[in-house]
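Each chain, letter by letter, is given below.
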Amino acid sequence: SVNFGRIIFQIIYHLHSYLELVRKREITMGENIYLVVPSGNFGNVLGGYYAKKAGLPVEKILISSNINNILTDWINKGEYDLTTRELIQTESPAMDILKSSNIERVMYDKFGASRTKELMEDLTNDNKFALTSQEVASLQEDFIASYSDDSLCEAEIAKYAHKGYIMDPHTATCIKAYETLREKDLPCVIYSTAEWTKFSPTVAKSLGKDIPNDLEALEYVSNS
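The paragraphs below set out a description of the structure included in this document. (Residues numbered from 1 in each chain as written. Predicted model: local features only at pLDDT ≥ 70, side-chain atom pairs only at ≥ 80, totals over all residues. Heavy atoms only, no water.)

**Notes on the packing of aromatic side chains**
The line we're drawing: To pair, rings of Phe, Tyr and Trp, with the six-membered ring standing in for Trp, must have centres within 6.5 Å; the planes then decide the type, stacked if under 30 degrees apart, edge-to-face if over 60, and tilted in the middle. Counting from the N terminus, the helices are the DSSP runs of H or I reaching at least four residues and the strands are the DSSP runs of E reaching at least two. Buried means the residue's accessible area, taken with a 1.4 Å probe over protein chains only, is under 20% of the maximum for its type, while exposed means over 50%, and partly exposed covers the values in between. Both a distance and an angle decide whether a charge sits over a ring: NZ of Lys or CZ of Arg must be within 6 Å of the ring centre and within 35 degrees of the ring normal.
Counted under the stated rule, the structure contains 7 aromatic pairs. Measuring from centroid to centroid gives 5.5 Å for Phe-42 and Phe-143, while their planes differ by 65 degrees, and the two rings are edge-to-face. Pair noted here: Phe-42 is in the loop between strand S1 (33-38) and helix H2 (43-53) and Phe-143 is in strand S5 (residues 143-147), with a separation of 101 residues, a long-range link. A single burial state applies to Phe-42 and to Phe-143, both of which are buried. Each member of the aromatic cluster is reached from another via a ring pair, and the members are Phe-4, Phe-42, Tyr-49, Tyr-50, Trp-74 and Phe-143. The aromatic ring of Tyr-147 is capped on one face by Lys-176, whose charged end is 5.2 Å from the ring centroid. Between Arg-182 and the ring centre of Tyr-178, over which it is positioned, the NZ or CZ distance is 3.9 Å.

**Description of the pairing of strand S2 (residues 58-65)**
Applicable threshold: The pairing criterion is simple: DSSP has to find at least two bridges between the two strands. Look down the strands so they point away from you; if the path from the first strand over the helix to the second goes clockwise, the crossover is right-handed.
Where burial is concerned, most of S2 is hidden: 7 out of the 8 residues are buried. The pairing of S1 with S2 spans 6 bridges and is parallel. In the sheet register, Val-37 faces S2, and the bridge partner there is Ile-63. In this view, the connection linking S1 to its parallel neighbour S2 by way of H2 has right-handed handedness. Sheet topology places S2 next to S5; 5 bridges connect them, and they run parallel.

**A closer look at the layout of surface pockets**
Put simply, the rule reads: Detection works on a 1 Å grid of protein atoms alone, calling trapped sets that fit a 1.4 Å probe cavities and calling open sets with protein on both sides within 12 Å along at least five of seven lines pockets, with lining residues defined by an atom within 4 Å of a point. Grid points are joined across faces, edges and corners, and a volume is the space filled by probe spheres set on the points. Charged means Asp, Glu, Lys or Arg here, nonpolar means Ala, Val, Leu, Ile, Met, Phe, Trp, Tyr, Cys or Pro, and polar covers whatever is left, Gly included.
Considering only enclosed or pocket space, the largest pocket measures out at about 370 Å³ in volume. In terms of lining residues, the largest pocket is bounded by 21 residues, among which Arg-6, Gln-10, Pro-38, Ala-94 and Thr-193 are the most central. At the level of secondary structure, the elements contributing two or more residues to the lining of the largest pocket comprise helix H1 (4-23) and H2. Of the residues forming the lining of the largest pocket, the biggest block, 3 residues, is contributed by H1. Looking at the lining of the largest pocket, its residues break down into 9 nonpolar, 10 polar and 2 charged.

**Some thoughts on the pattern of salt bridges**
In plain terms, the rule: Any carboxyl oxygen of Asp or Glu that lies within 4 Å of a side-chain nitrogen of Lys or Arg is treated as forming a salt bridge with it.
Evaluation of the coordinates by the stated rule reveals 15 salt bridges. Between Lys-60 and Glu-183 there is a salt bridge whose closest N-O contact spans 3.9 Å. Remark: Glu-183 occurs in the loop between helix H9 (174-180) and strand S6 (188-190) and Lys-60 occurs in strand S2; sequence separation between them is 123 residues. Owing to a relative accessible area of 57%, Glu-183 belongs among the exposed residues under this scheme. The residue Arg-115 makes a salt bridge to Glu-118 at a minimum N-O spacing of 3.0 Å. Residue Arg-115 and its partner Glu-118 are located together in helix H5 (residues 113-126), separated by 3 residues, close to a single helical turn. Among the charged side chains, a network of salt bridges with common partners joins Lys-52, Lys-110 and Asp-142.

**Brief notes about unusual backbone geometry**
Positioned with a positive phi, Phe-42 is a non-glycine residue whose angle comes to about 70 degrees. The residue Asn-127 is not glycine, and still its phi comes out positive at about 65 degrees. As for its position among the elements, Asn-127 is in the loop between H5 and strand S4 (128-130). Judged by relative accessible area, Asn-127 falls into the partly exposed class, the value being 36%.

**Digging into the sheet that holds S6**
The line we're drawing: Every angle, taken between N-to-C directions, lies between 0 and 180 degrees, and every axis is a line fitted to C-alpha atoms, over only the stretch in contact when it is a helix.
In spatial order, the strands read S5-S2-S1-S6; together these 4 strands make up an open sheet with parallel pairing. Strands with a single pairing partner mark the edges of an open sheet, and in this sheet they are S5 and S6. Here the strands of the sheet are splayed against their neighbours by 20 degrees on average, with no regard to which way each runs.

If you want it as structure tokens, here you go:
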């Protein structure tokens, strides 16, 4: 998602999600919804933000991170501090990111070129930057964030598997955001980021069997 061409396509499927809800008569045209997006590099979130700015009726974008929760601190506290962090390898590896390239695009849109340059230079030179209270408030007009660790994600995978739906560990981070961050009782779109079979050992572990081999884990999950 460093390449803006990818962002363009991500804008489109936020629009598609909304229109699908309208087609299925889950909502009426113009009704607000929430978007819940698992994120590391903020690309899909950026697509949702641009779709919202273009007129898509989005109440707010709920961002879910894993234990590398730098985005949570940035949105909820206005802090982006890499000085005391080391990247943690998790079961949701596509989200194992500490320096999210697309936050610069959001700040450019919200705070302007000069302020964004100042913040990004602070990040380059000092490995951290801090937003003002007004800037934090501006971010929170569109975003709110939470994070989940691997154990919580495994519990969510197991819970939904017993209901007949198997999800990947990236998607599992979204459940906490869905359950805790919504301020209004509005329809919601939760985005999945991967096919669960790519993470069959993690799914097998969530179901109670530690199997490191992908194929054996896949067979175990399929027969469970």
